[in-house]
Amino acid sequence: MRNEGISFISHDTVMIRVLDIIEDTMVDGPGFRTSIYCAGCNHQCPGCHNPQSWDFSQGHEMTTAELMRVIEADPYANVTFSGGDPMYQAAGFAELAEAIHSKTRKDIWCFTGFTYESLIHDAQRELLENIDVLVDGPFVQRLSDPDLLFRGSSNQRIINVPATLYAGEIVLWTPDITI
């Protein structure tokens, strides 16, 4: 449920603590993507592929406007929010997602250790309403499978967020092609 037609005004006061930005990656969703890796995660899943992202004080702060300049520099790459866990910085990422959708046609994926059900009634709902796909759930090492598409363990779901919000029940994302 995007805010179509609403003009986004950039605020240089909203900061997102960023560990890294990887451009033209193909592992954080379909096609080429600009992936924003944020700092901070309390899930601390055993076997996590990115434990350096757990510390909330790591990285550096960037404004929505600064991140938009990076995102708009590549007109062909969609966007992924990862971490750490973007849901710990939901207000900043919600503002960024609104800006992305108001200024571009890019889709947005978000990876989180929280489940959709725990986020929908919480402060993170605004971010959920502005992303296209949510990969939810903690990484569970015993359920790890390197053959899974865009997720690390089989308990994690790839959720089509707009369809889920519309239906009132989980609708899984399906790829445009079979692999």
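Residues numbered from 1 in each chain as written. Predicted model: local features only at pLDDT ≥ 70, side-chain atom pairs only at ≥ 80, totals over all residues. Heavy atoms only, no water.

## Things to note about the overall build of the protein chain
Each helix and strand counted, the protein chain has 5 helices and 7 strands in total. For the protein chain, the succession of helices and strands along the chain, N to C, is β-β-β-α-β-α-β-α-α-β-β-α. Taking 179 residues into account, the globule formula puts the C-alpha radius of gyration at 16 Å, and the protein chain, at 15 Å, falls close to it. Over its C-alpha atoms, taken along the principal directions, the protein chain stretches across nearly 45 × 40 × 30 Å. Residues classed as buried in the protein chain amount to 45% of the 179 residues present. Within the protein chain, residue pairs in contact and separated by at least 24 positions form 65% of the contacts whose partners lie at least 6 positions apart. Of the accessible surface of the protein chain, which amounts to about 9,300 Å², a share of 52% is contributed by carbon and sulfur atoms. Side chains of the protein chain give 11 positive and 25 negative charges; the mean places of these two sets differ by 2 Å. (Helix = DSSP H or I, 4+ residues; strand = E, 2+ residues; numbered from the N terminus. Rg over C-alpha atoms; globule rule 2.2 N^0.38 Å. Buried < 20%, exposed > 50% of the residue type's maximum accessible area, 1.4 Å probe, protein only. Contact = heavy atoms within 4.5 Å. Areas by Shrake-Rupley, 256 points an atom, 1.4 Å probe, with all protein chains shown as cover. Lys, Arg positive; Asp, Glu negative; His and termini not counted. Charge placed at Lys NZ, Arg CZ, Asp CG, Glu CD.)

## Some points on the packing of helix α1 (residues 64–73) against helix α2 (residues 90–103)
Contact geometry of α1 with α2 gives a least axis separation of 10 Å together with a crossing angle of 40 degrees. Classified by the angle between their axes, α1 and α2 sit oblique to one another. Of the two elements, α1 crosses α2, and the hand of that crossing is right-handed. Contact with α1, carried on its side by Thr-64, Leu-67, Met-68, Ile-71 and Glu-72, involves Gly-92, Glu-95, Leu-96, Ala-99, Ile-100 and Lys-103 of α2 and no other residues of that element. Looking at the contact of α1 with α2, its residues break down into 6 nonpolar, 2 polar and 3 charged. (Axes fitted to C-alpha atoms, helices over the stretch in contact; angles between N-to-C directions. Parallel < 35°, antiparallel > 145°, perpendicular 65-115°, else oblique. Left-handed = near helix turned anticlockwise from the far one by under 90°. Nonpolar A, V, L, I, M, F, W, Y, C, P; charged D, E, K, R; others polar.)

## Comments concerning the packing of aromatic side chains
For the coordinates displayed, the defined rule picks out 7 aromatic pairs. Seen from their ring centres, Phe-56 and Tyr-88 are 5.3 Å apart, and the 90 degrees between their planes marks the pair as edge-to-face. With Phe-56 in the loop between β2 (33–38) and β3 (60–63) and Tyr-88 in the loop between β4 (78–82) and α2, the pair connects residues that are 32 residues apart, well separated along the chain. Here Tyr-88 falls in the partly exposed class, since its relative accessible area comes to 29%. With a centroid separation of 5.3 Å and 55 degrees between ring planes, the pair formed by Tyr-88 and Phe-114 is classed as tilted. Highlighted residues: Tyr-88 in the loop between β4 and α2 and Phe-114 in the loop between β5 (108–111) and α3 (116–119), separated in sequence by 26 residues. Three or more aromatic residues joined by ring pairs make a cluster, and in this case those are Trp-109, Phe-111, Phe-150 and Trp-173. (Phe/Tyr/Trp six-rings, centres within 6.5 Å; stacked < 30°, edge-to-face > 60°.)

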